[in-house]
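Spelled out, the chains give:
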Amino acid sequence: NVHTLILSYCTGVTDVSALTNVHTLYLSWCTGVTDVSALTNVHTLYLSWCTNITDVSALTNVHTLNLYGCTGITDVSALVNVHTLILSGCTGIKN
């Protein structure tokens, strides 16, 4: 199994559902990614500037979640168990 996978700036990446067993996953600036619901087992997940992601409610088991600049996200209320949650620049968050 892959421990750390860096795909930052890979704008052509759209389907990340096969990456469920990666420990640390960098998807920053992967603007083609819209669905991250399969990534529930990822320990550390970097999604900064993934502006087309709108739902992160399935990521309740992620330990560290970086959502910096994810302007499409409006609700993070389901993420109460996330140990480290970075929300800077998430201008759409209402909950």
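No experiment lies behind these values; they were computed from the predicted model shown.

Student: Lay out the nonpolar core in plain terms, naming residues and giving numbers.
Tutor: With 26 residues, the main nonpolar core has Leu39, Leu45, Leu47, Leu59 and Leu67 as its most contacted residues. If we ignore the near neighbours within four places in the chain, the residues touching Leu67 are Leu47, Ser48, Val56, Ile73, Val76, Leu79, Leu85, Ile86, Leu87, Ser88 and Cys90.

Student: Account for the state of the cysteines, with residues named and values stated.
Tutor: Counting across every chain of the model gives zero disulfides. Of all cysteine sulfurs in the structure, the one in Cys10 sits closest to Cys30, which takes part in no disulfide; the separation is 5.4 Å. By relative accessible area, Cys30 is classed as buried at 0%. Free of any disulfide, Cys70 has its nearest neighbouring cysteine sulfur in Cys90, separated by 5.3 Å. Take Cys70: its relative accessible area is 0%, and that puts it in the buried class.

Cut-offs used in this document
Residues numbered from 1 in each chain as written. Predicted model: local features only at pLDDT ≥ 70, side-chain atom pairs only at ≥ 80, totals over all residues. Heavy atoms only, no water. Core = buried A, V, L, I, M, F, W, Y, C linked by side-chain atoms within 4.5 Å. Buried < 20%, exposed > 50% of the residue type's maximum accessible area, 1.4 Å probe, protein only. Contact = heavy atoms within 4.5 Å. Disulfide = S-S within 2.5 Å.

Note that all results are geometric; they support no functional claim without further evidence.
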